[in-house]
Amino acid sequence: MKRLLATLSATLILCCLASCSADKYMQPGQMLLKRNQLNISMADSSQVPPEVADALADAQHYIYQKPNKRILWVPVWLKLYCATNPTDSSRWSNFWRRTGEPPVIYDRNVALRSAEQLAKLMKTKGCFGTTVTTDTIQNGPRSVNATYNVVATARRKIYDVSFVSRQPDIQQLLQQWKEDSYLKAGDYYDQQKMIAETKEFIE
């Protein structure tokens, strides 16, 4: 009996949340950001190699606008926020707005900045000629998916690693440290490893 009541209560809550629309919190012409998508292709039309896909493993960290959080595909916090009336300033409505999450409105300027950051990310991974553009795909009457079109170039490798000093004693130490270096000939270029190497020497 308790399980049945819990199931009915959960179903009722979900039905109520499903009926909550973000439209009342949106201005005319505004679109809700529903999803971010990455479309990856190679500039030479070849198949995307694993090392290029790996370079984009942290891509979501470079996209500034994130859609409303979801549980089982349902934007629960957005639904809680939109269950209230914008003109209602009661304690109950304020509580649900604080608990919930306001609708994330798609901002093209923010998307363009995200595209720039993605292009910079690819350059730090050795894909120096990569370009990134952004666009939207309609996803419902008042929501869009933001698409980031990454046209990548081949990822460059490190040809050689040299540690040079004019001081013979320091040069000898550098040659010893070379064996423990983060940078190895034949590895893919990675600016983060180069920064880590610099910090290692400074410290």
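For clarity, every value in this text was computed on a predicted model and none was experimentally measured.

Rules and cut-offs
Residues numbered from 1 in each chain as written. Predicted model: local features only at pLDDT ≥ 70, side-chain atom pairs only at ≥ 80, totals over all residues. Heavy atoms only, no water. Helix = DSSP H or I, 4+ residues; strand = E, 2+ residues; numbered from the N terminus. Buried < 20%, exposed > 50% of the residue type's maximum accessible area, 1.4 Å probe, protein only. Areas by Shrake-Rupley, 256 points an atom, 1.4 Å probe, with all protein chains shown as cover. Pairing = 2+ DSSP bridges. Axes fitted to C-alpha atoms, helices over the stretch in contact; angles between N-to-C directions. Polar contact = N/O pair within 3.5 Å; in protein donor to acceptor, adjacent residues only side chain to side chain. Contact = heavy atoms within 4.5 Å. Phe/Tyr/Trp six-rings, centres within 6.5 Å; stacked < 30°, edge-to-face > 60°. Lys NZ or Arg CZ within 6 Å of the ring centre and 35° of its normal.

A. Main features of the overall build of the protein chain. Along the backbone of the protein chain there are seven helices and three strands. Taken from the N to the C terminus, the helices and strands of the protein chain come in the order α-β-α-α-α-α-β-β-α-α. Looking at the protein chain as a whole, 33% of its 203 residues are labelled buried. Surface accessibility of the protein chain: about 13500 Å² in total, with carbon and sulfur atoms responsible for 56%.

B. Representation of the sheet that holds strand β3 (residues 143–152) in the model. Taken together, three strands build an open sheet; the order of strands is β1-β3-β2 and the sheet is mixed. The open sheet has two edge strands, β1 (32–42) and β2 (131–138), and neither has a second partner. Between one strand axis and the next, the sheet turns through 20° on average, direction left out of account. In the sheet, β2 pairs with β3 via eight bridges, with the strands oriented antiparallel. From the neighbouring strand, T133 faces β3, where its bridge partner is N149.

C. Main features of the pairing of β3. Taking burial as the measure, the ten residues of β3 include eight buried ones, the bulk of the element. Direction of pairing for β1 relative to β3: parallel, over a ladder of ten bridges. Bridge pairing in β3 links R35 to N145. The turn linking β2 back onto β3 is made up of four residues, and G140 within it adopts a positive phi angle of 105°.

D. Seen up close, the side chain of T130. Summarising the element assignment, T130 is placed in the loop between α5 (108–124) and β2. At 2.9 Å, the side chain of T130 forms a polar contact with the backbone oxygen of C127. Polar side-chain contacts of T130 include one of 3.4 Å to the backbone nitrogen of T153. If we ignore the near neighbours within four places in the chain, the residues touching T130 are A119, M122, K123, V150, V151, A152 and T153.

E. Broad picture of the packing of aromatic side chains. Counting across every chain of the model gives five aromatic pairs. Their ring planes at 90° and their centres at 5.3 Å tell us that W92 and W96 sit as a pair that is edge-to-face. Of this pair, W92 and W96 both sit in helix α4 (residues 91–99), four residues apart, which is roughly one turn of the helix. Residue W92 is classed as exposed on the basis of its relative accessible area, which comes to 58%. When the ring of F95 is compared with that of W96, the centres are 5.1 Å apart and the planes differ by 70°; the resulting orientation is edge-to-face. Pairwise contacts between aromatic rings join W92, F95 and W96 into one cluster. Here K69 stacks its cationic end above the ring of W77, 5.6 Å away from the centre of that ring.

F. Examining the environment of A22 more closely. Within the secondary structure, A22 sits in the loop between α1 (2–18) and β1. Considering only alpha carbons, one finds A22 and R142, 120 residues apart in sequence, at a separation of 9.2 Å. A22 has contacts with L78, C82 and P103, leaving out every residue within four places of it along the chain.

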